[in-house]
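Summary of the model geometry
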Amino acid sequence: MRYLVLVIGIMLALAGIQTALAEGGKAERPRCENCGMFTDISATHSLASITLDGKTAEHSFVCLECVFTKLAEWGDRAKLKGIKVLDYATATADKRKYVAVGDAWFLYVTSKLKGSMPTYTAAFASKSAAEKAKTELGGTLMQWDALKPKLLAAVED
């Protein structure tokens, strides 16, 4: 009987080790480099090309507010090269599409958006798509030149 208990104990321990190894092999879900929220579910995901300490890389954030909060934290060590924003119209699609921030149209201060932080700013690839979504989401329609100062002011508060 002792032998049977020992064998069962060893088998359970091996099964636990095997499960732990299998889980350890899974890729971690991508997180915002500022707030830690999951970026794969964010309807406002932003990819920023940033030179940090002399090295340029793409950094992932749940929203534009997080981009500017992190840049403020990094200070003079960081230089923003460009930003791509998730086209809100593709946020739930199998293939999400991104648009250069300067080409996007935004709904600023919308209703709460999935996986986002206040000010809840949704980006769109076209003005017509943003206008169509405004009925559901609310917010103020604007382009990057008008939006950027608002985001910078929000970060300074």
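Below is a short write-up of the structure. Worth saying up front: this structure is predicted, and the values here are computed from it rather than measured.

Notes on the sheet that holds strand S5 (residues 105-108)
Read across the open sheet, the 3 strands follow the order S6-S5-S7; overall the sheet is antiparallel. Pairing within the sheet leaves two strands with one partner each, and these edge strands are strand S6 (122-124) and strand S7 (140-143). Adjacent strand axes in the sheet meet at a mean angle of 30° when their direction is disregarded. Note: S5 against S6, 3 bridges, orientation antiparallel.

Looking at the nonpolar core
Burial of nonpolar side chains together is a common tendency in soluble globular proteins. Ranked by size, the top nonpolar core spans 26 residues in total, and within it Ile50, Leu64, Ile83, Val85, Phe106, Trp144 and Leu147 carry the most contacts. Contributing elements (two or more residues each) for this core: strand S1 (46-52), helix H2 (64-74), strand S3 (78-86), S5 and helix H4 (144-156). Sequence-distant contacts of leucine 64, defined by excluding residues within four places in its chain, comprise Ser46, Ile83, Val85, Phe106, Trp144, Leu147 and Leu151. In this structure, Leu107, Leu113, Ala130 and Ala133 belong to the second largest nonpolar core, which totals 9 residues.

Concerning the pattern of salt bridges
This structure, assessed with the given rule, holds 4 salt bridges. Where arginine 29 meets aspartate 40, a salt bridge forms, and the shortest distance between an N and an O atom there is 3.0 Å. Highlighted residues: arginine 29 in the loop between helix H1 (2-24) and S1 and aspartate 40 in the loop between H1 and S1, separated in sequence by 11 residues. Its relative accessible area of 37% is what places arginine 29 among the partly exposed residues. Put simply, arginine 77 and aspartate 53 hold a salt bridge, and the shortest N to O gap is 2.9 Å. Remark: aspartate 53 occurs in the loop between S1 and strand S2 (55-61) and arginine 77 occurs in the loop between H2 and S3; sequence separation between them is 24 residues.

Considering empty space enclosed by the protein
Evaluated as defined, the whole model comprises 1 cavity of 30 Å³ or more. What the largest cavity holds in volume is close to 40 Å³.

Observations regarding the state of the cysteines
The full count for this structure, using the stated rule, is 0 disulfides. Between cysteine 35, a cysteine without a disulfide, and cysteine 32, which holds the nearest cysteine sulfur, the sulfur-to-sulfur distance is 3.8 Å. When its relative accessible area of 30% is taken as the criterion, cysteine 35 is described as partly exposed.

The rules behind each value
Residues numbered from 1 in each chain as written. Predicted model: local features only at pLDDT ≥ 70, side-chain atom pairs only at ≥ 80, totals over all residues. Heavy atoms only, no water. Pairing = 2+ DSSP bridges. Helix = DSSP H or I, 4+ residues; strand = E, 2+ residues; numbered from the N terminus. Axes fitted to C-alpha atoms, helices over the stretch in contact; angles between N-to-C directions. Core = buried A, V, L, I, M, F, W, Y, C linked by side-chain atoms within 4.5 Å. Buried < 20%, exposed > 50% of the residue type's maximum accessible area, 1.4 Å probe, protein only. Contact = heavy atoms within 4.5 Å. Salt bridge = Lys/Arg side-chain N within 4 Å of Asp/Glu carboxyl O. 1 Å grid on protein atoms, 1.4 Å probe; cavity = no way out; pocket = protein on both sides within 12 Å on 5 of 7 lines; lining within 4 Å. Points joined across faces, edges and corners; volume = space filled by probe spheres on them. Disulfide = S-S within 2.5 Å.

So yeah, pure geometry; function would need other evidence.
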